[in-house]
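Observations on the model geometry
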Amino acid sequence: MPNMTPARGARNLLENCANAQPGDRLLIAFEPPEYGYYDKTAVSVVTKAGLEMGLQVDAVNVGFNADNPHLPPALLARFEAADIILFLARLGDQLRFSQMPQDRKIIVSFALNRELFGSGLANGHHDAFLRIKTGVNNLLAAAGDVHITCPLGTDVRGRPQMNLTPAGDTSVLRFPMSVFTPVPAHSFTGRVALTFLTGTGSKYYDDYTIEFDQPVFAVMESGRLQCFEGAPADVARAEAQYDRIATRFGIERDFVHSWHAGIHPGCGYPWDMRDNYERWGGTAFGNPRVLHFHTCGAYAPGEISWNVFDPTIIMDGVTYWDNGVFHAARLPSGPAILREYPCAAALFEHPDRNIGMRQMLEKTVSV
């Protein structure tokens, strides 16, 4: 995709996601870089774009609270004085399923720094991916059979029972739009191949990620975790993680809430995921090479995620994801969307396959 720049990515956010108009009051709620997640360059890129568009731009440091994310009264007052609230902070993701101020445009950005604002992730027209999301949602809502597999042996099947009302998804706007509405897992059964367990970004805790020496299978029946299968030491590690997290937060241990896959071929992750699993989990999930289950807790997004790599997803006999490649042109509305948005079409022609997982995938292939 030609002419990708951080400035274009920021304008895509403000113009096409926020629908900002000159004179609008934009408040950037940012997380300082010392937490190792968002980069300060993200704030400067969006601030400059906003001022050039004639917005009133302000910024507030909301920090990061792993244990007790909340909106204190002073911060709530700042939010209520704005027209658009942009979270360049994990607080927005932590609170996205919670009560937020009404009648405000609230956006969580998964573009974390200048590099991602200048990539295909932020430069692909936001409306194109909103329409692709709708196209996938409509297919899922009508599907009689959805079959998920992966090279490591995932084999899950079910009939989606979608909730496409506003209650079925978060009301917070997400930029970029990189996944479809989560599919409730209660009508799905099968085996999910896992190379590690990690958190979901809802809460943060010690030993947030545990890796396995060999792939482990999570056996699920009608949205309930039945057991883990694999090498005894790995299985014991998985069971202990579920016991620990469920006990710590007082949540339903074996509940598998929902799943979704990435729809954004520009969603690359150019860093090693092992350097920061939390950052990886909050960014790379939008790549079509990743399919993501929300588990451990009877709510979205739960506290432990299952990540399936290079999924194949077949709906009623048609393959839409093929070994991690999403064929948007196979959606009924796909050809028209890609004709209207050549920037999105270019991303699908040359998808970013880098998801920060090379070492992990090489390890699983070698065992």
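These lines cover the structure that appears in this document, whether it is placed above or below. Owing to the predicted nature of the structure, the values given are computational and were not obtained by experimental measurement.

What counts, and at which threshold
- Residues numbered from 1 in each chain as written.
- Predicted model: local features only at pLDDT ≥ 70, side-chain atom pairs only at ≥ 80, totals over all residues.
- Heavy atoms only, no water.
- Helix = DSSP H or I, 4+ residues; strand = E, 2+ residues; numbered from the N terminus.
- Rg over C-alpha atoms; globule rule 2.2 N^0.38 Å.
- Buried < 20%, exposed > 50% of the residue type's maximum accessible area, 1.4 Å probe, protein only.
- Contact = heavy atoms within 4.5 Å.
- Areas by Shrake-Rupley, 256 points an atom, 1.4 Å probe, with all protein chains shown as cover.
- Lys, Arg positive; Asp, Glu negative; His and termini not counted.
- Charge placed at Lys NZ, Arg CZ, Asp CG, Glu CD.
- Polar contact = N/O pair within 3.5 Å; in protein donor to acceptor, adjacent residues only side chain to side chain.
- Core = buried A, V, L, I, M, F, W, Y, C linked by side-chain atoms within 4.5 Å.

Further remarks concern the overall build of the protein. A tally of helices and strands in the protein yields 12 helices and 17 strands. Its C-alpha atoms give the protein a radius of gyration of 20 Å, near enough to 21 Å, the size a compact globule of 367 residues would have. Here the protein holds 367 residues, and 57% of them are scored as buried. When contacts within the protein are restricted to residue pairs at least 6 apart in sequence, long-range pairs at least 24 apart make up 73% of them. Of the roughly 14,500 Å² that the protein leaves accessible, carbon and sulfur atoms contribute 50%. One way to put it: in the protein the 31 positive side-chain charges average out to a point 4 Å from where the 39 negative ones average out.

Below, the discussion takes up the side chain of Asp24. Looking at the element boundaries, Asp24 is found in the loop between α1 (6–17) and β1 (25–30). At 2.9 Å, the side chain of Asp24 forms a polar contact with the backbone nitrogen of Gln21. Residues contacting Asp24, with those up to four places away along its chain left out, are Asn19, Leu55, Gln56, Asp83 and Ile84.

Moving on, we come to the environment of Phe326. When you line up the elements, Phe326 lands in strand β17 (residues 325–326). Taking the relative accessible area as the measure of exposure, Phe326 reaches 5% and is therefore buried. Considering only alpha carbons, one finds Phe326 and Val235, 91 residues apart in sequence, at a separation of 32 Å. Setting aside anything within four residues of it in sequence, one finds Phe326 in contact with Ile132, Val136, Ile263, Pro288, Tyr320, Trp321, Leu331 and Phe348.

Our focus in this paragraph is the nonpolar core. Ile132, Trp259, Trp306 and Trp321 are the most contacted members of the largest nonpolar core, which totals 64 residues. Ignoring anything within four residues of it in the chain, the contact list for Trp306 reads Val192, Leu194, Leu197, Ala218, Met220, Leu225, Tyr242, Val256, Leu291, His292, Phe293 and Thr295. Counting 29 residues, the second-largest nonpolar core is a separate cluster that includes Val43, Leu86, Leu88 and Phe175.

Nothing here speaks to function; it is all geometry.
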